[in-house]
Amino acid sequence: MKKGNDSILKALCIGVILIIFAGVMQSANAQQQSLVKIDDKGVMRMLDSGKETSFFGINYSPPFAHSYRAINRLGKSHKKVIDQDTYHFTRLGFDGFRLHVWDTEISDSLGHLVENEHLDILDYKLAKLKQRDIRVVLTPITYYNNGYPEPPTKTDGFANYISKEEAPQNPEFWPVIKRYLTEFINHKNPYTGLTYKEDPNIIAIEIDNEPTHSGSQDSVTSYINLLADYLRANGLEKPIFYNIAQNPSMTEGVMNADIEGTTFQWYPGGLVGGQEITKNYLPYIDEYVIPFADEANFQNKAQMVYEFDSADFLEPYTYPAMARSFREAGFQWATQFAYDPMVMGHVNTDYRTHYLSMAYTPSKAISMKIASAAFHQLKRNQSYGRYPYNNTFGDFEVSHESRLSQLNTDTDFYYSNDSETAPKDAQALKHVAGVGSSPVVSYEGTGAYFLDKISDGIWRLEVMPDAIQIRDPFDVVSLDKRLTWIDWNIHPMSVDLPDLGNSFHVTGINNGNDEQIGATGGSFSVSPGVYLVYRDDQSQNLPALDYKMGNIGINEFVAPPETESEPIVRHDSPSNVRADKPVTITAKAAALKKGDTVNLVVQSGWQTKNILMKQTSAYAYEATIPADDLYSGTITYWITVDSGKKFLTFPGGNQGHPGDWDYYHNNQYQFEAFDPETQISLFDASNGTSAINYAFQTWNSDKGVEVIASGQAGQRALQVYAGENLTKENETLGWNLILGDKLELVGQSFDQSDHFAVEAKGGSESGTIKAILVLQDGTSYSTMIESSNEFNTSKIPFSAFQQDAMMLLPRPYPIFLPLWFEADVERALDPSKIEEIQFLFVPADGGSVVKENTSFSVESVWIEQAKN
């Protein structure tokens, strides 16, 4: 009997232990739903160590919408595309990935999750990110159709009848939304074996992409809590985030919700401008101002930037500065929108206002690598002052003048363009990444390269092929319109690393690369690929091909094929030049063959004159038109590529030479040459107003823009008017025009005695027009222009302008960001450096409110030199 009781007792004890163990395991599994937690002060920390953390990366969407369809049209495998791009993400140092899911493509009308190819590709993508230790935030709901930039295709999803405006307002829709969210988080990924809620690599859920709310603050709070509580009731224990920036009037409702974090976007210079922005962008990204940052219910939540970009901008210095401003504002997650799949990088059709690719925009990609390092290294909430003093922050530097961002530490040296900076400690360097040349690497190609130390005397070198951007990537795009050419060229390279010395070996190791090169004096010639670079005494210690550097295989290499095409030329004509000085014409040319020559052909009376264009770098050419060949008026010219067998003439790429008797193509380049005694035009409304940016919402029917007849016959004027009172701090009745480097190309020097001239008039409301001049260095200067209700000419000497604030136009997203900026530095006005002009109406009472029916008009703006 005793023996039996012992057995029963033993069995009971084992059972209790198993139950306790199971409970502990269940709790542990629940805790491991995410790698992070949010503490009661709103700080995101690693779950295992408790250390504060941060993540930086990209948005990217091949499983859905246009990306999905375009990859199909190009005949490529979505999964292979994902493999390729995920390697590049790792190469660029990204550890964050965010995706708003197109629910319309993976749901039915009742909110059930649909197992289809879109979901399978998403699952595959999430698994590949996990393999590379790239953390994920998923946004399950968008309510979008799948159309942008092309018309949508038919889907069965609930977004066909539930819109983001109606979803929070109509309780009849909530069961459908709840059903979808439940099935989404409980979907098991076959590539990981985990549901989305179980996978710790998916660190958080942002419920809704850019929601739309109206009504009361309490109704917003209640709706967010409804969805958040439902997710938690169905087993989700990850942090939940919700967008707070999309609806600035509803921030209180979001802050009061029971969520762990809030999300923001940042497009500092607006979106979809239709052409490349060419101005100093640093004032736009000086700081990220959150008007409600001091609210207690905001401070106890973690902050995330779900999307950001310097849209319509190619220069490679903005991303690190944005990372600096994000960290100063307290953000711990930032993901750029959107990275181009490499197979679509030549056409940029996914989102034409964005353009980022390691292969096709190498300088911007290296700038993103630098930004990732900044986001991880800079302390949260630390300020580095205001522009221009914050152009240097910690080990980082950005420069508009040099078109450069760089990181320089003892071990890491990265630069996005040619750099003259010496590394802090060349002997201690472990990682080099760049485009162009520096004191460490001299290289004539245009692709990115990476040098990573494996051990003493052994380095890994990765060289991407050349990218030559020929067309404006922010103009109208098409799958049939190539923007950037790829060239697998061989270029000289010199490496100056004490660890390698002057003589070393360069051995190809990527698939198909069997190059064996000996470097002399640190110099050798290299083609795209991956190489081991090593001293002679380390030849027996080389790593095996299965060696890994973190999450990078030593012989991994991904690059697009060389572009096969006829030669192509890009040239942008200057608008105005002096007729009494030589003018230099520059161009880019790609897809040239050995022996091809590039020539400038200038119309000279009834004949043409050929001038050989000299190659100044890998794909850059220039030639000078002598002053003797110039005259006041319109100068017509072409650029030809001569293969010895035929001519191709640009613009147009037409066969034949402009000097041929039967050349009939009516395409030509032109610029205006002017007498130095005449005025220099900056703006003329008769020539169009499409490049104007406004300081108010032009899509609102109560405010507007109109081109009207002016006082002179045949002349037009730009009129702006307010149909209602403009009272917001971040809008006013004003506009700007970006001149870029127009005045630099003129070749004319101006001084304080020269005049800024305006033909303008006011409206029925009393007040004055303020003119603001913005210089290339980000400083700005203003003067007042007296106006009446009749057009009249005002000529103001530049000496009358005083340093003042400027408007940040185009306006940014989110819309609560400041309208005004003034550089924190005192400098004298140099009229030759003007890159932007601005005009706005100032009410007679000096207040900020612009009353209903206020208007002003500008016909033309020019510079008139003082008479000696």
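Keep in mind the model is a prediction, meaning the values are calculated, not measured.

Asker: Is there a simple way to think about the overall build of the chain in this case?
Answerer: The helix and strand tally for the chain stands at 11 helices and 54 strands. Here the chain has a C-alpha radius of gyration of 30 Å; the compact-globule value for 868 residues is 29 Å, and the two agree. Seen through its principal axes, the chain has C-alpha atoms that stretch 125 × 75 × 50 Å. Relative to its 868 residues, the chain shows a buried fraction of 57%. Partitioning the contacts of the chain with sequence separation of at least 6, the portion at a separation of at least 24 is 71%. For the chain, the exposed area adds up to about 35000 Å²; of that, 48% sits on carbon and sulfur atoms. For the chain, the distance from the average site of its 69 positive side-chain charges to the average site of its 111 negative ones is 6 Å.

Asker: Just checking my understanding: could you explain the packing of helix α9 (residues 318–329) against helix α10 (residues 362–377) for this structure?
Answerer: The description of two helices packed together rests on the angle between their axes and the distance between the axes. Two elements in contact, α9 and α10, have axes separated by 7 Å at closest approach and are oriented at 20 degrees. In terms of orientation, α9 and α10 fall into the roughly parallel class. For the crossing formed where α9 meets α10, the hand is right-handed. Note on element contacts: α10 touches α9 through Lys364, Ser367, Met368, Ile370, Ala371, Ala374 and Phe375, opposite Thr318, Tyr319, Pro320, Ala323, Phe326 and Arg327. Across the contact of α9 with α10, the residue classes break down as nine nonpolar, two polar and two charged.

Asker: Would you explain the pairing of strand β44 (residues 716–722) in this entry?
Answerer: When a strand is regular, its side chains alternate between the sheet's two faces. The buried fraction of β44 is high, at five of seven residues. Bridge analysis of β44 against strand β54 (residues 855–864) gives four bridges, and the strand direction is antiparallel. Along β54, the bridge assignment pairs Tyr721 with Ser855.

Asker: What is the right way to look at the nonpolar core in this model?
Answerer: Soluble, globular proteins show a tendency: their nonpolar side chains are buried together. Membership of the largest hydrophobic core comes to 148 residues, with the highest contact counts inside it found for Phe264, Phe308 and Phe326. For this core, the element with the most residues is α10, which contributes eight residues. Grouped together as the second largest cluster of nonpolar side chains are 41 residues, Phe674, Leu739, Leu775 and Leu829 included.

Asker: Got a minute to help me understand the sheet that holds strand β50 (residues 802–803) in this structure?
Answerer: Neighbouring strands of a sheet are bound in pairs by backbone hydrogen bonds; such pairs are parallel or else antiparallel. If you trace the six strands from one edge of the open sheet to the other, you get β42-β45-β53-β47-β48-β50, paired in antiparallel fashion. Edge positions in the open sheet fall to β42 (693–694) and β50, since each of these has one partner strand only. Sheet topology places strand β47 (residues 767–775) next to strand β53 (residues 834–843); nine bridges connect them, and they run antiparallel. When the sheet's bridge partners are listed, Lys770 is paired in β53 with Leu840.

Asker: Help me understand the sheet that holds strand β25 (residues 516–519), please; the structure alone is not making it clear to me.
Answerer: With respect to topology, 10 strands assemble into an open sheet ordered β13-β14-β15-β16-β17-β19-β20-β27-β24-β25, the strand pairing being mixed. Each edge of the sheet is formed by a strand with only one pairing partner; in this case those strands are β13 (392–393) and β25. With four bridges joining them, strand β24 (residues 504–508) and β25 adopt antiparallel strand pairing. Opposite Thr507, over in β25, you have Gln516 as the bridge partner. Along the sheet face, helix α3 (residues 78–91) touches β19 (449–455) and β20 (458–463) and points at about 125 degrees away from the line of β20. Against the sheet, α10 engages β13, β14 (396–399), β15 (404–408), β16 (412–415), β17 (431–434) and β19, with an angle of about 50 degrees to β15.

Asker: Honestly, the pattern of salt bridges in this entry has me stumped. Any pointers?
Answerer: Note that side chains of opposite charge can pair when their charged atoms are close. With the rule as written, the count across this model stands at 34 salt bridges. One network of salt bridges, with partners in common, ties together Lys453, Asp456, Asp499, Arg535 and Asp537.

Asker: Is there a simple way to explain the side chain of Ser855 in this structure?
Answerer: Tracing the backbone through its elements, the reader meets Ser855 in strand β54. Among residues more than four places away in sequence, those in contact with Ser855 are Gln719, Val720, Tyr721, Leu733, Gly762, Gly763 and Phe841.

Asker: Would you explain the environment of Ile837 in this entry?
Answerer: Turning to its location among the elements, Ile837 is positioned in strand β53. For the pair Ile837 and Ala757, spaced 80 residues apart in the sequence, the C-alpha separation amounts to 12 Å.

Asker: Looking at this model, I keep getting lost on the packing of aromatic side chains. Mind explaining?
Answerer: Think of a pair of aromatic rings as described by two things: how far the centres are apart, and how the planes are tilted against each other in angle. As enumerated under the stated definition, the model contains 50 aromatic pairs in all. Consider the rings of Tyr60 and Phe89, whose centres lie 5.1 Å apart with planes at 90 degrees: the pair is edge-to-face. One end of the pair, Tyr60, is in the loop between β3 (55–59) and α2 (65–73); the other, Phe89, is in helix α3, with 29 residues separating them in the sequence. The exposure class of Tyr60 is buried, given its relative accessible area of 2%. Among the aromatic side chains, those forming a connected cluster through ring pairs are Phe56, Phe264, Trp266, Tyr288, Phe292, Phe298, Phe308, Tyr319, Phe326, Phe331, Phe375 and Phe816. Residue placement shows Lys125 over the ring face of Phe97; its charged tip is 5.6 Å from the ring centre.

Asker: Please explain the packing of α3 against helix α4 (residues 117–131) as it appears in this structure.
Answerer: Contact geometry of α3 with α4 gives a least axis separation of 10 Å together with a crossing angle of 30 degrees. Relative to α4, α3 is oriented roughly parallel. Between α3 and α4 lies a crossing whose hand is right-handed. Across from His78, Lys79, Ile82, Asp83, Thr86 and Phe89 in α3, the residues of α4 making contact are Glu117, Asp120, Ile121, Tyr124, Lys125, Lys128 and Leu129. Partitioning the contact of α3 with α4 into residue classes produces five nonpolar, two polar and six charged.

What counts and what doesn't
Residues numbered from 1 in each chain as written. Predicted model: local features only at pLDDT ≥ 70, side-chain atom pairs only at ≥ 80, totals over all residues. Heavy atoms only, no water. Helix = DSSP H or I, 4+ residues; strand = E, 2+ residues; numbered from the N terminus. Rg over C-alpha atoms; globule rule 2.2 N^0.38 Å. Buried < 20%, exposed > 50% of the residue type's maximum accessible area, 1.4 Å probe, protein only. Contact = heavy atoms within 4.5 Å. Areas by Shrake-Rupley, 256 points an atom, 1.4 Å probe, with all protein chains shown as cover. Lys, Arg positive; Asp, Glu negative; His and termini not counted. Charge placed at Lys NZ, Arg CZ, Asp CG, Glu CD. Axes fitted to C-alpha atoms, helices over the stretch in contact; angles between N-to-C directions. Parallel < 35°, antiparallel > 145°, perpendicular 65-115°, else oblique. Left-handed = near helix turned anticlockwise from the far one by under 90°. Nonpolar A, V, L, I, M, F, W, Y, C, P; charged D, E, K, R; others polar. Pairing = 2+ DSSP bridges. Core = buried A, V, L, I, M, F, W, Y, C linked by side-chain atoms within 4.5 Å. Salt bridge = Lys/Arg side-chain N within 4 Å of Asp/Glu carboxyl O. Phe/Tyr/Trp six-rings, centres within 6.5 Å; stacked < 30°, edge-to-face > 60°. Lys NZ or Arg CZ within 6 Å of the ring centre and 35° of its normal.

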